[in-house]
Amino acid sequence: MPSSLATQLAARVARRLPYLKRLPILRLLALGEIVLLARDHVEKLTPPERRRLVALLRTGRGRPSNLTLRERDELETLVAKAEPRAFAGVAAEKLSPVPLPRRMTRGPRR
């Protein structure tokens, strides 16, 4: 359950961004859920790893060819540590109106 601090923060953001008032509340709640899930996955990285990830993303500017082979390997390791597959699965599960099969949300059995 969100804390009162989170509720106050959401209210403050809504006042500053008037277009949020036009979003249906269910979409806003779903967006909030995804933001919290993303935070959980990003927090799997230590602060120095997060800084390094941002630095690599800025250096690459969306193109792998802008990174050296060593930097690409480092980026791959950092992204894998954040578990993007698990994030995508949990996000899909949260947004889906029906239960999804395990293989879709967590990948194939190993």
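Residues numbered from 1 in each chain as written. Predicted model: local features only at pLDDT ≥ 70, side-chain atom pairs only at ≥ 80, totals over all residues. Heavy atoms only, no water.

Right, let's get into the overall build of the protein chain. Along the backbone of the protein chain there are 6 helices and 0 strands. Taken from N to C terminus, the helices and strands of the protein chain fall in the order α-α-α-α-α-α. Evaluated residue by residue, the protein chain yields a buried proportion of 15% over its 110 residues. Nonlocal contacts in the protein chain, meaning residues at least 24 apart in sequence, comprise 41% of its contacts between residues at least 6 apart. Just so you have it, the protein chain exposes about 9200 Å², and 61% of that area is on carbon and sulfur atoms. (Helix = DSSP H or I, 4+ residues; strand = E, 2+ residues; numbered from the N terminus. Buried < 20%, exposed > 50% of the residue type's maximum accessible area, 1.4 Å probe, protein only. Contact = heavy atoms within 4.5 Å. Areas by Shrake-Rupley, 256 points an atom, 1.4 Å probe, with all protein chains shown as cover.)

Take the nonpolar core next. Most often, soluble globular proteins have nonpolar side chains that are buried together. Core analysis: the largest hydrophobic core is formed by 6 residues, namely Leu45, Leu53, Leu56, Leu67, Leu75 and Leu78. Setting aside chain neighbours within four positions, we find Leu78 in contact with Leu45, Glu49, Arg52, Leu53 and Leu56. (Core = buried A, V, L, I, M, F, W, Y, C linked by side-chain atoms within 4.5 Å.)

Let us look at unusual backbone geometry. Here Arg61, not a glycine, exhibits a phi torsion of approximately 50 degrees, which is positive. Within the element layout of this structure, Arg61 appears in the loop between helix H3 (47-60) and helix H4 (69-81). A positive phi is found at Glu83, a non-glycine position, where the angle reads about 55 degrees. Within the secondary structure layout, Glu83 lies in the loop between H4 and helix H5 (84-95).

Position of His41 relative to the elements: it lies in helix H2 (residues 25-42). A relative accessible area of 10% places His41 in the buried class. Setting aside anything within four residues of it in sequence, one finds His41 in contact with Ala82, Glu83, Ala86 and Phe87.

Attention now goes to the packing of H3 against H4. Their axes nearest at 10 Å, the elements H3 and H4 cross at an angle of 130 degrees. On the basis of the axis angle, H3 is oblique to H4. Note that H3 runs across H4; the crossing there is left-handed. Each of Glu49, Arg52, Leu53, Leu56 and Leu57 in H3 lies in contact with H4, whose residues at this interface are Glu71, Glu74, Leu75, Leu78, Val79 and Lys81. Here the contact of H3 with H4 is composed, by residue class, of 6 nonpolar, no polar and 5 charged. (Axes fitted to C-alpha atoms, helices over the stretch in contact; angles between N-to-C directions. Parallel < 35°, antiparallel > 145°, perpendicular 65-115°, else oblique. Left-handed = near helix turned anticlockwise from the far one by under 90°. Nonpolar A, V, L, I, M, F, W, Y, C, P; charged D, E, K, R; others polar.)

Below, the discussion takes up the side chain of Glu71. Along the chain, the position of Glu71 falls in helix H4. Of the side chains with opposite charge, Arg52 comes closest to the buried, unpaired Glu71, at an N-O distance of 4.2 Å. At 3.0 Å, the side chain of Glu71 forms a polar contact with the backbone nitrogen of Thr68. Ignoring anything within four residues of it in the chain, the contact list for Glu71 reads Arg52, Leu56 and Asn66. (Lys, Arg positive; Asp, Glu negative; His and termini not counted. Salt bridge = Lys/Arg side-chain N within 4 Å of Asp/Glu carboxyl O. Polar contact = N/O pair within 3.5 Å; in protein donor to acceptor, adjacent residues only side chain to side chain.)

Geometry only, nothing functional implied.
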